Amino acid sequence: ATETALTAKVDGSAVAGLALAAAGARHMFGVVGIPVTSLASRAAAAGVRFIAFRNEQSAGYAAAAYGFLTGTPGLLLTVSGPGCVHGLAGLSHATANAWPLLMVSGSCAQPDVGRGDFQELDQIAATKPFAKLAVKASTIADIPRLVFQALAATVAGRPGGCYLDIPSDVLHQTLTQSEADALIAAAAAAPSPSPPKHKPLDEAIVKAAELLHRAERPLVVFGKGAAYARAEEAIQKLVDTTGIPFLPTPMGKGVVPDAHPLSATAARSLAIGQCDVALVVGARLNWLLHFGEPPKWSKDVKFILVDVDEDEIELRKPHLGLVGDAKRVVELINREIKDQPFCLARSHPWVAAITKKAKDNVLKMEAQLAKDVVPFNFMTPLRIIRDAILAEGSPAPVVVSEGANTMDVGRAVLVQNEPRTRLDAGTWGTMGVGLGYCIAAAVAEPKRLVVAVEGDSGFGFSAMEVETLVRYQLPVVVIVFNNNGVYGGDRRSPEELTGPHKDDPAPTSFVPAAGYHKMMEAFGGKGYLAETPDDLKSALSESFRARKPAVINNEPPRAAAAAAGDMIKRRFFRQDHGD
Ligand code: ADP
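What you see is a predicted model, and the numbers here were worked out from it, not measured in a lab.

**Some details on the packing of helix α2 (residues 12-22) against helix α3 (residues 37-45)**
At a minimum axis distance of 8 Å, the contact between α2 and α3 shows a crossing angle of 40°. Judged by the inter-axis angle, α2 sits oblique to α3. Note on packing geometry: the crossing formed by α2 with α3 is right-handed. Contacts from S13, A14, A16 and G17 of α2 reach α3 at S38, L39, R42 and A43. Considering only residue class, the contact of α2 with α3 consists of four nonpolar, three polar and one charged.

**Side note on the side chain of S263**
Looking at the secondary structure, you find S263 in the loop between β10 (246-248) and α13 (268-274). Judged by its relative accessible area of 11%, S263 falls in the buried class. With residues up to four places along the chain from it excluded, the contact list for S263 reads F246, D258 and A358.

**Focus on the sheet that holds strand β12 (residues 302-307)**
Spatially, β10-β9-β11-β12-β13 is the arrangement adopted by the five strands of the open sheet, whose pairing is parallel. Only two strands of the sheet have a single partner each, and these edge strands are β10 and β13 (320-323). Ignoring strand direction, the axes of neighbouring strands in this sheet form an average angle of 15°. Where β12 and β13 come together, four bridges link them in parallel fashion. Directly across from D307, in β13, lies its bridge partner V323. Across the sheet, helix α15 (residues 326-339) touches β11 (277-281), β12 and β13, and the angle it forms with β11 is around 140°.

About the cut-offs
Each chain carries its own residue numbering, running from 1 in the direction its sequence is written. Residues qualify for local features only when their pLDDT is at least 70, as the model is predicted, and side-chain atom pairs are given and counted only at 80 or more; totals for whole chains, interfaces and linings, by contrast, use all residues. Processing note: side-chain calculations cover all non-hydrogen atoms of the structure and skip hydrogens and water entirely. To define axes, lines are fitted to C-alpha atoms, for helices over the stretch in contact only, and angles between the resulting N-to-C directions are given on a 0 to 180 degree scale. Put simply, DSSP H or I for four residues or longer makes a helix, DSSP E for two residues or longer makes a strand, and each gets a number counted from the N terminus. In this scheme, roughly parallel covers angles under 35 degrees and roughly antiparallel covers those over 145, while 65 to 115 is roughly perpendicular and the rest are oblique. Note: crossing handedness is left-handed where the near helix turns anticlockwise from the far helix by less than a right angle, and right-handed where it turns clockwise. Contacts were defined at the residue level, with two residues in contact if any of their heavy atoms lie within 4.5 Å. Three classes are used, and their members are as follows: Ala, Val, Leu, Ile, Met, Phe, Trp, Tyr, Cys and Pro are nonpolar, Asp, Glu, Lys and Arg are charged, and the others, Gly among them, are polar. Relative accessibility thresholds used throughout: buried, under 20% of the residue-type maximum; exposed, over 50%; partly exposed, between the two (1.4 Å probe, protein chains only). Think of it this way: DSSP has to see at least two bridges between two strands before they count as a pair.

See the structure below:
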């Protein structure tokens, strides 16, 4: 019988599934159709769970977030042509955020290229601008090698998206099982390309420790690269042994608990405006960090940059650059510091100034949060959600957040005490990521509840994926801040409200009082309408306990919502980007 099994024929779809499983893949996200339907089932049969989405864009955002959460490549499967184009959203988003993702697409049969075949597209050319590597299997025998090569490329150096093209004729070619096994074994055994040689770090580590030691106003900044590198223990140790205040970027939040007394989050402007030495770990000095330039930063600040990507260091030209893995480099700095221990006392003027400012700002915000405002503003429901999440304890829920005001105010109010528990619009400010992120987080972190805090606009981009939540029965609670549109409905100025189309809905308005919770009910999930604090509290407690898909529609009556939205935005947008 074994012999028959070995001489039995397997096709390209089966070989791809087996190769992905052999390479360690555990999950794949995507949308099936010609020519990849069998690939999805073959992969699942080989042990790679396939999560079937309603749209490739959401599946791509899921694969991207999966890469960040697990540190292993997220897999995205799409059909040819338009499917591949939809998949570009996830591929490009992964690369922009430096998260590992492998997109696998079927493509039209090679003999028909250039003749207007079904869903024909030059997919290598289409994906190249967004991928670290874009390769095509021209025969079935190429598949195992390219699967291993492309997966390895996603995580090498700076993580990012890669693309593997498998034409439909290749998916239908066959080999014997034993030939396939041998090819897969050879691909698994092939040495992975040796990592680029960097300068030894010894001297730079000594310098970094010295700089921090001599600094009068040091600051540790860390980003989602540090979270990805699982540098949390090393960074917490650094903060604790040195007493240096720290500032996370939005998705760096939780690497050191937000509740830590040295958190400078609520004193952000002061911290970055006055620090004289900033150790920046796994975060780019891009728009999110004001390019590291005045007026937000002092012009004399000395940056010590830690990044796995040498080009990033070249680009920023810091005072001192350390190319390497965040966890390893910070561990080396910790070891160096142990030989010349120092700890800024809490009474140190710099530490005292930051903790005082942070405390004042937190008190101001708490005063706002303490009020129960009905109809809802942003603060009241966010406080209720924050408290419900904190009450969950550990393992903390993964918080997914998107939207304009909802995300910005939410970043200040919601608390992250564990690493990799915040997913948001990221480096590109991408909207529509929410439901894909939720599905990825539920699949990647089965012990954690997933709570999405979404603007109604953000939710709408991928709202159909609530059906996917129900189909897989994922423990995801989506809270929609329904303020009737983008930013909060119609905000046209009198000059904009003229002309032949002035009676059209504003570009920012949606149908008012939309019943988003009913979308969830349509598929058999649980929907809640919450108009008061008590509604929201009971919806949260019931849905958190049930750990089943739920949508809570936070709906303020129309006019009040628009007015409150305006006010809150003016007030808190500034606070969030300054103090
Ligand atoms: P944030 O948005 O949180 O500021 P960015 O995405 O801008 O973070 O920056 C993350 C940085 O982390 C990227 O420059 C990336 O090259 C880097 N990075 C990724 N993985 C590692 C790692 N293992 N060690 C150090 N740096 C890393």
